[in-house]
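# Working through the structure, step by step
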Amino acid sequence: MTLHRFLVNTSSLGLALTFANASLAATANNPHHPMEEVVVTGHTDKTLAETALPVSVLSAEQLAEQRATNLGDTLAAMPGVQSTSFGAGVGRPIIRGQSGNRVKVLSGSLSVLDASTVSPDHANAVSPLGAERIEVIRGPATLLYGNGASGGVVNVLDNRIPDAQLDDISLVINQEHNTNNDQNTTSALLETSTGPFQWHLNGYTFKHNKVTIPSEAMLEEELHDEDGDDHEEEEHTSTDGYIGNSQGEGDGITLGSSYVGDGWYAGFAVNHTRKDYGLPPGTHDHEEHEEHEEDLIDGAAEEEHEEESVDVRIDMEQTRYEFKSGVDLNGFFSSLEASIAYTDYEHEELELGEHHEEEEADADHEEEEHHGTVYSNEGFDSRFTLNHNRIAGLTGVIGLQVQSREFGGAGEEAYIAPTDINSAAIFAVESVSAGDWTYEFGARLEANQTELSSGCDQDHTTFSGSASALRPLAGNSNGWIGYTYSQRAPSEEELFSNVDGSSCQNYAEDNLIEHIATGRIELGNPDLDAETSQNLELGWRKFEGTWLAEINLYYNQVSDYIYAAFTDDEEMVAYQQQDAKFYGVEGQYTHHLWRVGDSHLDLVLSGDWVKATLDDGDNVPRLAPARVGIALAWVAEQWSAQLSNMEVMKQTHTAEGETETDGYSLVNAYLDYHFNPDHSGLMLYARGKNLLDEDIRDHTSFIKNVAPAPGRGAEIGLSWSF
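Only a predicted model underlies this, so the values are computations on that prediction, with no experimental measurement involved.

### Considering the overall build of the chain
Counting its regular elements, the chain contains 6 helices and 39 strands. When the 722 residues of the chain are sorted by exposure, 54% land in the buried category. Roughly 30300 Å² of accessible area belongs to the chain as shown, and the carbon and sulfur atoms make up 52% of that amount.

### A closer look at unusual backbone geometry
Even without a glycine there, the phi angle at Asn 159 is positive, about 60°. Structurally, Asn 159 is set in the loop between β7 (152-157) and β8 (170-178). For His 679, which is not glycine, the phi torsion reads 65° and is therefore positive. Summarising the element assignment, His 679 is placed in the loop between β37 (664-674) and β38 (681-689). Under the relative-accessibility criterion, His 679 is labelled partly exposed at 31%.

### Observations regarding the side chain of Thr 373
With respect to the helices and strands, Thr 373 occurs in strand β21 (residues 365-391). Only 3.3 Å separates the side chain of Thr 373 from the backbone nitrogen of Glu 413, close enough to count as a polar contact.

### Quick look at the state of the cysteines
On inspection of all chains with the given rule, the structure shows 1 disulfide. The disulfide partner of Cys 456 is Cys 504, and the gap between their sulfur atoms is 1.9 Å. Negative torsions about the S-S bond denote left-handed disulfides, and the value of about 45° found for Cys 456 with Cys 504 makes this one right-handed. Of the two residues, Cys 456 sits in strand β25 (residues 455-473) while Cys 504 sits in the loop between β27 (499-500) and β28 (505-506), which places them 48 residues apart along the sequence. By relative accessible area, which is 11% here, Cys 456 ends up buried.

### Observations regarding the packing of aromatic side chains
Two measures describe an aromatic ring pair: the distance that separates the ring centres and the angle between the ring planes. Enumeration according to the criterion identifies 17 aromatic pairs in this entry. Arranged with centres 6.4 Å apart and planes meeting at 40°, the rings of Trp 540 and Trp 547 form a pair that is tilted. On the basis of relative accessibility, which here comes to 29%, the residue Trp 540 falls in the partly exposed class. When the ring centre of Phe 702 is taken as reference, the NZ or CZ atom of Arg 622 above it lies at 3.7 Å.

### Focus: the sheet that holds strand β6 (residues 133-138)
The strand order across the open sheet built from 5 strands is β1-β6-β7-β4-β5, with neighbouring strands paired in mixed fashion. The strands lining the two open edges of the sheet, one partner per strand, are β1 (55-59) and β5 (110-111). Judged from the 5 bridges that link them, β1 and β6 form a sheet pairing that is antiparallel. Residue pairing in the sheet places Ser 56 in a bridge with Val 136 of β6.

### Observations concerning the pairing of β38
Bridge count for β37 against β38 is 6 bridges, and the pairing is antiparallel. Residue pairing for β38: Leu 671 is matched across the bridge by Ala 686. In the sheet, β38 pairs with strand β39 (residues 713-721) via 9 bridges, with the strands oriented antiparallel. What sits directly across from Tyr 685, in β39, is Gly 717.

### Observations regarding the pairing of strand β23 (residues 419-434)
With 13 of 16 residues buried, β23 is to be regarded as a mostly interior element. Inspection of the sheet shows strand β22 (residues 394-410) paired to β23 by 14 bridges, in the antiparallel sense. Paired with Gly 399 across the bridge in β23 is Phe 427. Remark: 2 residues form the turn of the hairpin made by β23 and strand β24 (residues 437-452), two consecutive strands paired antiparallel; Gly 435 in that turn has positive phi of roughly 65°.

### Some points on the environment of Glu 494
Counting through the fold element by element, Glu 494 comes out in helix α6 (residues 492-496). In this structure the C-alpha to C-alpha distance between Glu 494 and Pro 526, which are 32 residues apart in sequence, comes to 7.9 Å. Among the polar contacts listed, one links the side chain of Glu 494 to the backbone nitrogen of Ser 491, at a separation of 3.0 Å.

### Brief notes about a nonpolar patch on the surface
A contiguous nonpolar patch, built from Phe 197, Trp 199, Leu 201, Ile 253, Leu 255, Tyr 259, Trp 264, Val 327, Leu 329 and Leu 336 and spanning about 830 Å² of accessible area, is present on the exposed surface. Secondary-structure elements contributing two or more residues to the nonpolar patch are β10 (197-208) and β15 (248-260). The residue Leu 255 is located in strand β15 in this model. Its relative accessible area of 45% is what places Leu 255 among the partly exposed residues.

### A short note on the environment of Ile 134
Looking at where Ile 134 falls in the secondary structure, it is placed in strand β6. Ile 134 gets classed as buried once you look at its relative accessible area, which sits at 0%. Sequence separation of Ile 134 and Ala 60 is 74 residues, and the distance between their C-alpha atoms is 9.9 Å. The residues contacting Ile 134, other than those within four sequence positions of it, are Ser 56, Val 57, Leu 58, Leu 63, Leu 71, Thr 74, Leu 75, Pro 128, Val 154, Asn 155 and Val 156.

### Remarks on the pattern of salt bridges
Scanning the entire structure with this criterion turns up 24 salt bridges. With a closest N to O distance of 2.7 Å, Arg 313 and Asp 276 form a salt bridge. With Arg 313 in strand β19 (residues 311-328) and Asp 276 in strand β16 (residues 264-279), this residue pair connects regions lying 37 residues apart in the sequence. There is no split in this pair, since Arg 313 and Asp 276 are both buried. Sharing partners across several salt bridges, the network here consists of Arg 96, Arg 138, Glu 537 and Glu 586.

### Concerning a negative patch on the surface
The grouping of Glu 509, Asp 510, Glu 514, Asp 568, Asp 569, Glu 570 and Glu 571 at the surface amounts to a negative patch. For Glu 571, the location among the structural elements is in the loop between β32 (547-566) and β33 (572-596). Classification of Glu 571 as partly exposed rests on a relative accessible area of 48%.

### Observations regarding the confidence of the model for the chain
The share of residues in the chain with pLDDT of 70 or more is 85%, and the mean pLDDT across the chain is 86. Mean pLDDT across the elements of the chain bottoms out in helix α1 (residues 3-10) (40) and peaks in β15 (98). Predicted confidence is poor over residues 226-233, with pLDDT under 50, and the contacts of this stretch with residues over four places away or in other chains come to 4 contacts. Segment residues 286-307 is flagged for pLDDT under 50; beyond a separation of four residues in sequence, or across chains, it makes 30 contacts in the model.

### Structural notes on the environment of Gly 597
As for its placement among the helices and strands, Gly 597 is situated in the loop between β33 and β34 (599-614). Owing to a relative accessible area of 60%, Gly 597 belongs among the exposed residues under this scheme. Linking Gly 597 and Glu 637, residues 40 residues apart in sequence, is a C-alpha distance of 9.3 Å.

What counts and how
Residues numbered from 1 in each chain as written. Predicted model: local features only at pLDDT ≥ 70, side-chain atom pairs only at ≥ 80, totals over all residues. Heavy atoms only, no water. Helix = DSSP H or I, 4+ residues; strand = E, 2+ residues; numbered from the N terminus. Buried < 20%, exposed > 50% of the residue type's maximum accessible area, 1.4 Å probe, protein only. Areas by Shrake-Rupley, 256 points an atom, 1.4 Å probe, with all protein chains shown as cover. Polar contact = N/O pair within 3.5 Å; in protein donor to acceptor, adjacent residues only side chain to side chain. Disulfide = S-S within 2.5 Å. Phe/Tyr/Trp six-rings, centres within 6.5 Å; stacked < 30°, edge-to-face > 60°. Lys NZ or Arg CZ within 6 Å of the ring centre and 35° of its normal. Pairing = 2+ DSSP bridges. Patch = residues over 30% accessible without salt bridge, like charges linked within 9 Å, V, L, I, M, F, W, Y side chains within 5 Å. Salt bridge = Lys/Arg side-chain N within 4 Å of Asp/Glu carboxyl O. Contact = heavy atoms within 4.5 Å. Lys, Arg positive; Asp, Glu negative; His and termini not counted. Charge placed at Lys NZ, Arg CZ, Asp CG, Glu CD. pLDDT = per-residue confidence, 0-100.

Below you can see the structure in the form of structure tokens.
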């Protein structure tokens, strides 16, 4: 179906309302910072202290303290947020136990449109190195951002299209070195204006060697793998003190400009991102087939299968064009804003093996490069919103979102055929105050179509609705309750993995293609229904005084939860549906222990816990473990310091095919010094990570037994701004 037909068919959708509910996380890494920032992601123009949106914000020095080369590691200290890795090059966020195609990553409130949700070894195409601010919605956000946001949203903001006049020229240059992997990172930001024209330029580059670890990369059970009764014991090789093939590099540049007039603005930006990273040895093994004569009597040829271990690298590249405009209006509507992004994403999986030069007497070895599978994602995302003035006590926003893209894989390991994905939605957010209460409510109606280019299409119409109530309480605190009903249409990998478009059935057994990253053959199911979740949340926060606190409790019942279930063949999984439930708690407490003038010493306690089970009693795979954290933070006029310990508990709630994962203590430190009291000019800083040099295996990782987290390391940096 063409995009034109799709849009015509969806034009009959009625007007919908949308909302975002419950809770906010106080900022763990900068507890003295006031909650006066306006939240962009929720479209409610409320501060952190006023909103009923479950949002956490990293900005300014908070972001500088936590910034890493990937999103997952940057956000992992937030309550309710963890990271899932696939070696040094990949770190994707997990929100309340959910990740992948249930957590939507945005750039400037529009979809990134990469391939990170399709496979755990695919990195996010947006980098925190160029970000000025990152907002995280914890919990269902399909109401605001549609399919793929049923678990939460990460919105990376960089002001690439300024919407207001820039007063002065601003320049920031940062240089950093990591002792663990010898990574050197350089980033820069320039913003200025020439009359009504505003200009934004940022860029970064990084390069690192192999990641060092305190022990062998592979656990003992991985080194000696029993592969069935009819096979000899299979030996794997490991590395000691480092992770093989873990070197990497990347860079990005963004140029944007806007014209700011009287009550309106319009601008354009272009971004180019590149990343090259390796996957740990043992995660991509290929089987070689050789035919040779072994029986001289009957001359029969036997086929011998040998496992050939190769180094696999991913070469990722994305170009993105964005247009954004806004205008103030008179009358019922107060403002109109339009955002459009066109993205061209591609990554290639390069297989590097040793080529033996037989003609050389000394048996020289060269690296032989084989071009493997290529994944691409090309299309646009657009968003149009109208804010309206107060009427009958109601204020809010209504909007339209349209997305069209083509995702495809080509090569011998491409288990998903080229797929067209289209969606269109209408939504609104409304808020009203009555007495001491503030009520927020809404819903969203969305049409989704996913179609293989060779035929076989699936249409889903999803609805999401929500309501919440927030009330101020004594002692500069407030409490709230919220309910969200949200639906998620199946994604392309869930519908069409190993599916023949001409028949809309799985390939014949001889033609099935293994998903190398998970080590299994995945069978899509074109008959999947939409997931439906009902989330109830209670929250309380204290946002002013000598101590601050917040606690959130949630219960999320998911009907027709989509997951990969094992079949009778242990190397094959099939996407199926079963009811599931997620429930948990997250909280934080900050106490100002001592204060002298503007200097103070703070104690920060934090923690999160989530449990998720299927209807048959089994656990949801790779469930994030419980965590309890403690930190001491000293803040003075020109310097600050922090020492923290995060106790990650042993994960014993395992799914079929999983093993338990030991807990660990993650001790980190941070120190900075500003040469000028106003924090301009030169700043020196240092981060210490994994100071106890623990052997860290994350239960959320597909390859926890093959590649642990980095060992002890220090990041030392110099930043200059004016």
